[in-house]
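Fold and contact review
Letter by letter, the chains look like this.
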Amino acid sequence: MTTVDFQHKTKALIDDLKGVCANYGLGNDGNEFKIITQVFLYKFLNDKFAYEVKKIDESLKNVQKWEDVLKNYGPDDYEMLLMQVSEGTALLHPKHFIAELYHRQDEPNFSQIFDDTLSDIAKINTDIFSVKEDSGAKVILFDRVSEFVSASKRDAFCKAIINKLVNFSFERIFEEKYDFYATIFEYLISDYNKDSGGKYAEYFTPHAVSRIMAACLVNEGVQNVTCYDPSAGSGTLLMNLAHAIGEDKCTIYSQDISQKSSSLLRLNLILNNLVHSIQNIIQGNTIQHPYHRDEYGKLAKFDYIVSNPPFKLDFSDYLNDLDTKENNERFFAGLPNVPKAAKDKMAIYPLFIQHIMYSLTENGKAAIVVPTGFITAQSGIEKKIRQRMVEQKMLAGVVSMPSNIFATTGTNVSILFLDVNNKADVVLLDASKLGTKVKEGKNQKTLLSKEEEKRIIDVFNKKEVEDDFSVVVSYDEIEAKNYSLSAGQYFEVKIEYVDISQEEFEDKLEKIEKNIIELFSNSRILEKEIQENLKLVRYE
């Protein structure tokens, strides 16, 4: 079976689980994503455990039912087996296996057996697989899935789920790499990671944008670095960054106010062999209560930061709480005023940019998605932020993206790159004319080809100059242009000269003169007709 076959089978399993939810009235319900992602995760952990124990006891590879063999292990042998499974693998006992639940599905109160099993797995593995709230409280791995369904249907619902899980094993996909899991993860969450339309919009960052951000940030080998996203969402930016660095060469940190995003990010880390970073996922308000701190209690600094922060949000409720002595330097450019109307249009992204600038190490780099208006704003907090970037010489460059690169928002966006050590020139790209327009539902979307992605990355990293596409400018030039970071304002205006003879010149001039005389003549005729028609107008 090929990788494509496994992709199809995995997607078919996800579709089957969604079908079960729909049959029990949970289609498009707010809790559907919890059931789908948690059941998928249970299946993944079960099969990963099988994959790991078969590497330890190779005799298990040759038996049809490895679960039955493990049941007959003595307590000491089983404990020894668990001690040998690799870090990041959930510890399971025979009563936790999918095969065991499959055999018990006709027992009374099967839904309770199902939920108790998942709860037990979560309890045993809480130290490794729990994310945290900003209060420090742990958010365990599994909810009681059946309780999202009415009591009379819970047993049947759990039976339907367990019967979907036994038909296909993930064991063959654990050798797959990032691209495989990125596709599966995107398919898994495709119905659940949309603009919520509420106070917090969980925009999904397109992979093309994420790849460009990662490739422009990481253009040399590094080891043991820290990566941070203060508005992580489901973790697309962090996964691309970790993949560019090497999953075993970095530790991930994140914070996001959304409970759903933290759950999706945990799943994303598990799929991509980054379990060691799960304890660093924080569910909470980054702006109001930044969680990650160093050994002295000060806000932690990070080597790489990526972010696609919310652009607008009503944060009037806690705006005054931010005006503290501790935040003076963190929000150096100031805090916005609360508008009298349309509080939900308050720009919060400038606070994230300031937080990111404050959170970089002395060798730190960052890539931030910003509204394109930020790079040219002539006043206010936005201009003060750009001024600080220039004064401290911490810019690497800016890439202005094509319109509709995000299908969920019509706001034009740019990617702002920071590099604390870049004291030389800055590269500015105008990629707004690239891409192909396609329809996605009711929205129009712009897709970048692989060649266009590579062109952006190569020009940025090599600091190349291309007509009407890229410029390389000094910090002094940026200051002279009132701190504008728009490439278009630095493009050279070119006048094309064409050599013609005196005869050709006189001929052209004669034609232009005739054309003007004819236009004047027509205008006089038209004027006369209008005046005559006006005389015919009468009141009736």
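Just above, that's the structure.
Below is a short write-up of the structure.

About the thresholds
- Residues numbered from 1 in each chain as written.
- Predicted model: local features only at pLDDT ≥ 70, side-chain atom pairs only at ≥ 80, totals over all residues.
- Heavy atoms only, no water.
- Helix = DSSP H or I, 4+ residues; strand = E, 2+ residues; numbered from the N terminus.
- Pairing = 2+ DSSP bridges.
- Contact = heavy atoms within 4.5 Å.
- Axes fitted to C-alpha atoms, helices over the stretch in contact; angles between N-to-C directions.
- Expected span 1.5 Å × (residues − 1).
- Buried < 20%, exposed > 50% of the residue type's maximum accessible area, 1.4 Å probe, protein only.
- Salt bridge = Lys/Arg side-chain N within 4 Å of Asp/Glu carboxyl O.
- Core = buried A, V, L, I, M, F, W, Y, C linked by side-chain atoms within 4.5 Å.
- Parallel < 35°, antiparallel > 145°, perpendicular 65-115°, else oblique.
- Nonpolar A, V, L, I, M, F, W, Y, C, P; charged D, E, K, R; others polar.
- Left-handed = near helix turned anticlockwise from the far one by under 90°.

Examining the environment of glutamate 492
Position of glutamate 492 among the secondary structure elements: in the loop between α16 (475–480) and α17 (502–535). Remark: the alpha-carbon pair of glutamate 492 and valine 471, spanning 21 residues in sequence, is separated by 9.4 Å.

So, the sheet that holds strand β1 (residues 131–133)
What links the strands of a sheet is backbone hydrogen bonding, and the strands pair in either a parallel or an antiparallel sense. Here 11 strands make up an open sheet; going across it, the order is β2-β1-β5-β4-β3-β6-β7-β9-β8-β10-β13 and the pairing mixed. Each of the sheet's edge strands pairs with one partner strand only, and the pair in question is β2 (138–139) and β13 (470–473). Alignment of β1 against strand β5 (residues 281–283), held across 2 bridges, turns out to be parallel. Looking across to β5, one finds that lysine 132 is bridged to isoleucine 282. Contacting β3 (225–229), β6 (302–307), β7 (360–371) and β9 (413–419), helix α13 (residues 349–358) crosses the sheet at an angle of about 165° to β7.

So, helix α6 (residues 110–124)
Compared with an ideal rise of 1.5 Å per residue, which puts 15 residues at 21 Å, α6 spans 21 Å between its outermost C-alpha atoms and is within 8% of the ideal. Among the residues of α6, those classed as buried are Phe110, Ser111, Ile113, Phe114, Asp115, Thr117, Leu118, Ile121 and Ala122. Buried residues belonging to α6 abut α2 (32–56), α5 (98–103), α7 (126–129) and α8 (154–165).

Quick look at the pattern of salt bridges
Tallying each qualifying case throughout the model produces 18 salt bridges. Here glutamate 100 and lysine 71 are joined by a salt bridge, their closest N and O atoms 3.0 Å apart. On the criterion of sequence distance, the pair formed by glutamate 100 in helix α5 and lysine 71 in helix α3 (residues 66–71) is long-range, its members being 29 residues apart. A residue is classified by how much of its surface remains accessible, and glutamate 100, at 18% relative accessible area, is buried. Residue class for lysine 71 comes out partly exposed when judged on its relative accessible area of 42%. Lysine 514 is the partner of glutamate 510 in a salt bridge, and the nearest nitrogen-oxygen pair spans 3.6 Å. Note that glutamate 510 and lysine 514 are positioned in helix α17 at a spacing of 4 residues, about one turn of the helix.

Description of the nonpolar core
Here is a general trend for soluble globular proteins: nonpolar side chains tend to be buried in one another's company. Counting residues in hydrophobic clusters, the biggest one holds 147 residues, and the most contacted among them are Phe49, Ile161, Ile353, Met389, Leu395, Leu416 and Leu418. For this core, the leading source of residues is α2, giving 13 residues. Leucine 418 has contacts with Met357, Leu360, Gly364, Lys365, Ala366, Ile368, Met389, Met394, Leu395 and Ala396, leaving out every residue within four places of it along the chain. Residues Leu313, Tyr318, Phe331 and Leu351 belong to the second largest nonpolar core, which totals 11 residues.

Observations concerning unusual backbone geometry
Of note, asparagine 482 is a non-glycine position whose phi angle comes to about 60°, a positive value. With respect to the helices and strands, asparagine 482 occurs in the loop between α16 and α17. A residue is classified by how much of its surface remains accessible, and asparagine 482, at 29% relative accessible area, is partly exposed.

Focus on the packing of α2 against helix α4 (residues 75–84)
Following both chains from N to C, one finds α2 and α4 inclined at 105°, their axes separated by 10 Å at the closest point. Here α4 runs roughly perpendicular to α2, going by the angle between their axes. On α4, the residues touching Phe49, Val53 and Ile56 of α2 are Tyr78, Leu81, Leu82 and Gln84. Its residues placed into classes, the contact of α2 with α4 shows 6 nonpolar, 1 polar and no charged.

Structural notes on the packing of α13 against helix α14 (residues 380–391)
At a minimum axis separation of 10 Å, α13 and α14 run at an interaxial angle of 20°. By the criterion of interaxial angle, the relationship of α13 to α14 is roughly parallel. Judged by the twist between their axes, the crossing of α13 over α14 is left-handed. Every residue of α14 that contacts α13 at Tyr349, Pro350, Ile353, Gln354 and Met357 is listed here: Ile381, Glu382, Ile385, Arg388 and Met389. Its residues assigned to classes, the contact of α13 with α14 shows 7 nonpolar, 1 polar and 2 charged.

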